[in-house]
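Residue-level structure breakdown
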Amino acid sequence: MEHIVIIGNGIAGITAARHIRKKSDKNITVISAETDYFFSRTALMYVFMGHMKFEHTQPYENWFWKKNQIDLVKGYVTKVDHQNKELHLKDSQPIKYDTLIIATGSKPNKFGWPGQDLEGVQGLYSKQDLDALEANAPNNKVCRRAVIVGGGLIGIEMAEMLRSRKVPVTFLVRENSFWNAVLPTGESQMLNEHILEHHIDLRLNTNLGEILADENGRVRAVAIKETGEEIPCDMVGLTAGVSPNINFLKDSGIELARGVKVNRYLETNIPDIYAIGDCSEQHEPIGNRRPIEAVWYTGRMMGETVAQTICGNKTGYKPGHWFNSAKFLDIEYQTYGWVFAKGPARKDFEQHFHWRHPKEKICITMAFHKETKQFLGINTFGIRMRHEIFDRWLTEERDVNHVMEYLKDANFDPELYAQYESEIVSKYNSEFGTSINPQKKSWKRIFSNA
Ligand SMILES: Cc1cc2nc3c(=O)[nH]c(=O)nc-3n(C[C@H](O)[C@H](O)[C@H](O)COP(=O)(O)OP(=O)(O)OC[C@H]3O[C@@H](n4cnc5c(N)ncnc54)[C@H](O)[C@@H]3O)c2cc1C
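Remember, it's a predicted structure, so these values are computed and weren't measured experimentally. (Residues numbered from 1 in each chain as written. Predicted model: local features only at pLDDT ≥ 70, side-chain atom pairs only at ≥ 80, totals over all residues.)

Describing the overall build of the protein chain
Scanning the protein chain for helices and strands turns up twelve helices and 25 strands. By the compact-globule yardstick of 22 Å for 450 residues, the protein chain fits well, its C-alpha radius of gyration being 24 Å. Counting all 450 residues of the protein chain, 39% fall into the buried class. Contacts in the protein chain between residues far apart in sequence, at least 24 positions, make up 60% of those at least 6 positions apart. (Helix = DSSP H or I, 4+ residues; strand = E, 2+ residues; numbered from the N terminus. Rg over C-alpha atoms; globule rule 2.2 N^0.38 Å. Buried ≥ 20, exposed ≤ 12 C-beta atoms within 10 Å, placed from the backbone. Contact = placed C-beta atoms within 7 Å.)

This is the structure:
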């Protein structure tokens, strides 16, 4: 019987294992160095904040794997020997495979800062990082200050986690506004304000120079690169992005760039070896997507896709329209289609319409084609929208006026999320000289594909 071995028990590897099992009786082994069982990485913050226990982040009961004949091996793969179709592990016997799926995810970036490996300096990625954070910022106010380096989604999560325990936080952000490589100016500025209002000491245009040690080799302060200012602290969070966790594949003969290079079928250059999830890198990006997509749902999609191919139904990876969601402290963020910040990715034809609530931290930005008016995408903060409606409008290549007219259909739950469509449309009308009348919400329209 063919033996499928998967390195990595994250969302990508586990989805592949589950779908291969659904479709076949092949032997399946999943190897991971991190935890015995699959857990939801995106829920780590809620464990720290006391909203759930770690066990609750595991979507499957522990008996599930045995019952479904998926062998789980705890171990670290040090080498892939593709000529002998064999994996070498750190502290155990080699494992033979017929088909290999590499799903080893990401690791937090470290840019060679002096002091980056001191005690008390950590990333936020793994279960081990959660345990380290529990030790570095225990729930009894012994952490006098934490400094977080790098202003992205994981940085703000870490800040929220630490603030939930009243730890004073200084947040060093290299850019002149929070996450402005991704977010247009209005949104990024709104988040700057929000972060400060949550008593986080946000330092824009600020780079880490050095992490300073005490006499025991533990962090005692950071020094700012630009000014030399020393900020005393008991821990440092390194959250300056992630990159594929593939160092163990160096010299394996598998083609690597930043990630493991794959084609649309998620095949590497070596027969019978595939790569999926955060660690994989498309030869050619798909549409506007990045060649490496470090998000949860694309890992799941790649897992499903590779399972099809391995079970005899060769299938290309087609992720559809881009979407994503996240939370910035208590503000929900969603994005559908493409809304680019100023920068090289933004095309000349991309025009933006921005609306912000006069008092609350609620806003939207819509992108559309300057000439054809084709709707290109939307970012929303503090308003939850219906994914299927925007997905449909993007597929139908609707124009922005249509989106404005039927915006109420896209509002997720008017009972929970107040409706601001009239204000949004009236601002749009006055800016663009239109006279659009927002239509009433229609469930018939929402659930029909017409
Ligand atoms: C704190 C946090 C919050 C996040 N929030 C969101 C969110 O809200 N929305 C979203 O879309 N995405 C979010 N992400 C990103 C998302 O979690 C990842 O995109 C996703 O988990 C990647 O899944 P994966 O299966 O590719 O890899 P991973 O989940 O990283 O799993 C890979 C596994 O392989 C193991 N491994 C690696 N190398 C080896 C080896 N040599 N031998 C054995 N085992 C190995 C690793 O230890 C790990 O267990 C978040 C990430 C973090 C860290």
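Here the narrative resumes.
Concerning the site of the ligand
Near the ligand you find 34 residues, and of these Gly8, Gly10, Glu34, Gly105 and Gly277 are the closest. The set of elements that each furnish at least two residues to the shell around the ligand consists of α1 (11–23), β2 (27–32), α5 (153–163) and α7 (296–310). In the shell around the ligand, the residues fall into 18 nonpolar, twelve polar and four charged. Counting residues domain by domain, the shell around the ligand receives three or more from each of domain 1 (3–107 + 243–310) and domain 2 (121–240). (Near = placed C-beta within 6 Å. Nonpolar A, V, L, I, M, F, W, Y, C, P; charged D, E, K, R; others polar. Domains from an automatic or database assignment.)

Looking at the environment of Gly155
For Gly155, the location among the structural elements is in helix α5. In this structure Gly155 comes out as buried when scored by C-beta crowding, with 24 C-beta atoms within 10 Å. For Gly155, the contacting residues outside a window of four places in its chain are Ile148, Gly150, Phe171 and Thr239.

Some points on the domain arrangement of the protein chain
Segmenting the protein chain into domains produces domain 1 (3–107 + 243–310), domain 2 (121–240) and domain 3 (323–447). Taking only C-alpha atoms, the centre of domain 1 and the centre of domain 2 are 30 Å apart. At the junction of the two partners, domain 1 supplies nine residues and domain 2 supplies nine residues. Residue assignment for the side of domain 1 that touches domain 2 shows that the elements contributing at least two residues are α2 (44–48) and β8 (106–108). With four residues, α2 is the largest single contributor of residues to the side of domain 1 that touches domain 2. Here the residues of the side of domain 1 that touches domain 2 sort into five nonpolar, two polar and two charged.

A look at the sheet that holds strand β11 (residues 169–172)
Read across the open sheet, the five strands follow the order β9-β16-β10-β11-β12; overall the sheet is parallel. The open sheet terminates on both sides in strands that have one partner only, identified here as β9 (121–122) and β12 (200–203). Bridge count for β11 against β12 is four bridges, and the pairing is parallel. Within β12, the position partnered with Thr170 by the bridge is Asp201. Running over the sheet, α5 touches β10 (146–149), β11, β12 and β16 (235–238) and is turned about 170 degrees from β11. (Pairing = 2+ DSSP bridges. Axes fitted to C-alpha atoms, helices over the stretch in contact; angles between N-to-C directions.)

Some points on α5
Within α5, nine of the eleven residues are buried, leaving the element largely enclosed by the surrounding structure. Of all the positions in α5, only Ile154, Gly155, Ile156, Glu157, Met158, Ala159, Glu160, Met161 and Leu162 are classed as buried. Elements that come into contact with the buried residues of α5 comprise α2, β10, β11, β12, β16 and β21 (323–328).

Considering α1
The terminal C-alpha atoms of α1 lie 18 Å apart, and with 13 residues this matches the ideal 18 Å at 1.5 Å per residue to within 8%. Looking only at α1, the buried set comprises Ile11, Ala12, Gly13, Ile14, Thr15, Ala16, Ala17, Arg18 and Ile20. Those residues of α1 that are buried lie in contact with β1 (3–7), β2, β3 (70–74), β7 (99–102) and α7. (Expected span 1.5 Å × (residues − 1).)

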